[in-house]
Amino acid sequence: MGDFACSRCAHRQAEDAQCGRCGNDVVQDMRDPSARRVLYDAESRWQKRRQARAISIGAVVGLVPFYPACLAGGAIIGFGVAFGTGAVAVAVIDRLLGNRRRFPYLDEYEKTPG
Ligand SMILES: [Zn+2]
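This one's a predicted model, so the numbers in the text were calculated from it and none came from an experiment. (Residues numbered from 1 in each chain as written. Predicted model: local features only at pLDDT ≥ 70, side-chain atom pairs only at ≥ 80, totals over all residues.)

Chemist: Is there a simple way to think about the nonpolar core in this case?
Modeler: A general feature of soluble globular proteins is that nonpolar side chains tend to end up buried together. Core analysis: the largest hydrophobic core is formed by 11 residues, namely Phe4, Ala5, Cys6, Ala10, Cys19, Val27, Met30, Ala35, Leu39, Phe103 and Tyr109. Among the secondary structure elements, those contributing two or more residues to this core are strand 1 (4-5) and helix 1 (33-63). Those residues within four positions of Leu39 in sequence are excluded, and the remaining contacts are Ala5, Ser7, Gln28, Phe103 and Leu106. (Core = buried A, V, L, I, M, F, W, Y, C linked by C-beta atoms within 7 Å. Buried ≥ 20, exposed ≤ 12 C-beta atoms within 10 Å, placed from the backbone. Helix = DSSP H or I, 4+ residues; strand = E, 2+ residues; numbered from the N terminus. Contact = placed C-beta atoms within 7 Å.)

This is how it looks when you write it as structure tokens:
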């Protein structure tokens, strides 16, 4: 544990030095509100990337039943099945990946003044 966090890999350490895990030159002092803003920004970018990944995986998963459903029921059924499967896949992947916080310890610093 420690007051410094790496914005790249979320490693937490006690010294204001190079990141001990990924070697990033700069670590953020979480006692400093502007440094916390940098980490919150990094977290929201990271979550958007995960969401985009979930959607692209869901689109690919949705294509799997597209052709068999087209052959069985025609193009409209095919699109419906593909869309439904893709939407379910996105929801499942998002549930599995999307809700994890990268810097869960940041909120502790918001509560303690100074
Ligand atoms: Zn790091």
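From this point on, the discussion continues.
Chemist: Before we go on, may I ask you to explain the packing of helix 2 (residues 66-73) against helix 3 (residues 75-97) in this structure?
Modeler: Any two packed helices are characterised by the angle at which their axes cross and by the distance between the axes. As a packed pair, helix 2 and helix 3 sit with axes 7 Å apart at the nearest point and diverge in direction by 145°. As for the relative orientation of helix 2 and helix 3, their crossing is right-handed in sense. When helix 2 is examined against helix 3, the residues Phe66, Ala69, Cys70 and Gly73 are found in contact with a partner set consisting of Ala75, Ile77, Gly78, Val81 and Ala82. A class-by-class count of the residues in the contact of helix 2 with helix 3 yields 7 nonpolar, 2 polar and no charged. (Axes fitted to C-alpha atoms, helices over the stretch in contact; angles between N-to-C directions. Left-handed = near helix turned anticlockwise from the far one by under 90°. Nonpolar A, V, L, I, M, F, W, Y, C, P; charged D, E, K, R; others polar.)

Chemist: How do you make sense of unusual backbone geometry when you look at a structure like this?
Modeler: Trans peptide bonds make up most of the peptide bonds, and negative phi angles are found at most residues other than glycine. Although it is not a glycine, Ala10 adopts a positive phi angle of roughly 70°. With respect to the helices and strands, the residue Ala10 is situated in the loop between strand 1 and strand 2 (12-13). The exposure class of Ala10 is buried, given the 20 C-beta atoms found within 10 Å.

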